[in-house]
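Listed here are the chains, written in short residue letters.
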Amino acid sequence: MPSQQLKSLVDSVAPLFAGEAEVFRTYWTWSGRTNETDRLWLLRQARKEVWDTPLGDQRGLYLGPAEDLIADFPKIDIEIPREEILERMEGLYEEFSHYCAYADAYDVVRGEGEPRLSPTRLKEVPDWAENLAIRDRRAEIKKQYGTAGERACYFTEGGYCTLFSEGMKLAGNGGVDDLIAKAAALVYEDEFGHMCKGIIGLDAEDMSGADWDLMTELSVELAGMRIDMRNVQFSFPLSAERVAAIKAGDIEPVVFDFEKVEAA
Ligand SMILES: [Fe+2]
Ligand SMILES: [Fe+2]
C-alpha cells in the first residue's frame with residue numbers, strides 16, 4: 001500500500017501527466033498533422049533519446065554513462081559494487097535501444113536523399129527552448145536540492161510514459177502510425193521502470209515531511225514544463241488556453257498504477 005505522502009505526490013502530478021497525454025492524443029487525429037510535423041517530432045524524439053538525461057547531464061544518455069563506466073573501472077568491487085555497474089550498463093543499453101527505435105521510425109519517413117540519422121547529426125538538430133529549459137532546470141535541481149530533487153527528476157523522467165502508452169494505441173492503423181506504435185511498445189516498459197526509480201523505496205526511506213513537500217513541488221514544476229515541451233515538439237496541437245486550463249486542473253488525471261510500480 002502506498003503511503004499517504006506518496007498518494008498525495010501522485011495526486012498532485014497525475015493531472016499534469018494527463019495533460020501531456022492529451023498533447024499526443026490530440027495530435028494523432030489533429031488537422032494540423034502532416035508528414036512534415038511527423039518528421040519533426042520523430043527527429044526531436046530521437047534527439048531526446050540520445051541527449052536528454054533525467055538529471056540534465058549535458059553529455060547525454062550514451063556518452064555520459066559510457067565515460068563514467070570507463071572512469072569507474074578501477075573502483076569496481078572496491079568502492080562501487082558490481083551490481084551497480086551492471087545496472088548502469090543495462091541502463092545504457094536500454095537508452096541506446098530507444099534511440100534506435102525512434103531513429104528507425106524516422107529513417108523510414110525521412111526526406112528523399114536524406115542520410116540516415118546519427119547521434120552526431122542529432123546533436124546538430126536545433127533544440128527547442130522549452131526542451132532546453134527542462135534540461136537546465138533538471139541540472140539546477142540536482143545541484144540544489146539533493147536526494148528529494150533527484151527523485152523528482154527521475155519520477156518525472158518520462159511523464160508517466162504517456163508518449164509510449166498513447167503511441168502504442170496507433171498499432172494497426174498502417175503506415176507511419178504502425179512505426180510509431182512499434183517504437184512506443186519497445187520503449188514503454190523500460191521507461192516505466194526508469195520512472196519507478198524516483199519512487200521505489202521512497203516509503204521505506206526516511207524522507208521528512210519537508211522532503212516530501214519539496215519533491216512534490218519540484219515534480220509538479222517539471223511535469224508542467226513537460227506539457228509545454230511536448231506541445232512545441234508536436235507543433236502546437238493544444239492551444240495556449242487549453243494548456244493553461246490543464247495546468248489549472250481542468251482535466252481528468254491519469255490513473256496511477258500503484259501495483260505496476262510495486263511490481264517493478
Ligand atoms: Fe529512453
Ligand atoms: Fe529512461
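See the structure above.
None of these values were measured; they are calculated from a predicted model.

A. Spotlight on the coordination of the iron ion (ligand 2). In the first shell of the iron ion (ligand 2), the protein supplies Glu95 (OE), Glu157 (OE), Glu191 (OE), Glu191 (OE) and His194 (ND1), at 1.9 to 2.4 Å from the metal. Of note, the iron ion (ligand 2) draws all its donor residues from one chain, in the sequence arrangement E-x61-E-x33-E-x2-H.

B. Local environment of empty space enclosed by the protein. For the coordinates displayed, the defined rule picks out 2 cavities of 30 Å³ or more. Of the volumes computed, that of the largest cavity is approximately 270 Å³. Around the largest cavity, the lining comprises 19 residues; the ones closest to its centre are Lys48, Asp52, Glu157, Gly158 and Arg226. Going through the elements one at a time, α2 (35-51), α6 (129-155) and α9 (209-233) are the ones with two or more residues in the lining of the largest cavity. Element by element, the count of residues in the lining of the largest cavity is highest for α6, at 4 residues. Here the residues of the lining of the largest cavity sort into 5 nonpolar, 4 polar and 10 charged. The volume enclosed by the second largest cavity comes to roughly 40 Å³.

C. Examining the coordination of the iron ion (ligand 1) more closely. Looking at the metal site, the iron ion (ligand 1) is ligated by Glu49 (OE), Glu95 (OE), His98 (ND1) and Glu191 (OE), spaced 2.0 to 2.6 Å from it. One way to put it: the 4 donor atoms around the iron ion (ligand 1) meet at angles of 88 to 156 degrees, and that makes the site irregular. The sequence pattern describing where the donors of the iron ion (ligand 1) fall on their chain is E-x45-E-x2-H-x92-E. Here the iron ion (ligand 1) and the iron ion (ligand 2) are spaced 3.6 Å apart, and both take Glu95 as a donor. Here the residue His98 occupies a position in helix α4 (residues 82-109), and Glu191 occupies one in helix α8 (residues 175-196), the gap between them amounting to 93 residues. Taken individually, His98 and Glu191 each receive the classification buried, so the pair is uniform in this respect.

Scoring rules and cut-offs
Residues numbered from 1 in each chain as written. Chains lettered and ligands numbered in written order. Predicted model: local features only at pLDDT ≥ 70, side-chain atom pairs only at ≥ 80, totals over all residues. Heavy atoms only, no water. Donors = N, O, S within 2.8 Å, 3.2 Å for Na, K, Ca; no water. 1 Å grid on protein atoms, 1.4 Å probe; cavity = no way out; pocket = protein on both sides within 12 Å on 5 of 7 lines; lining within 4 Å. Points joined across faces, edges and corners; volume = space filled by probe spheres on them. Helix = DSSP H or I, 4+ residues; strand = E, 2+ residues; numbered from the N terminus. Nonpolar A, V, L, I, M, F, W, Y, C, P; charged D, E, K, R; others polar. Tetrahedral: all angles 85-135°; square planar, octahedral: opposite > 155°, others 65-115°. Buried < 20%, exposed > 50% of the residue type's maximum accessible area, 1.4 Å probe, protein only.

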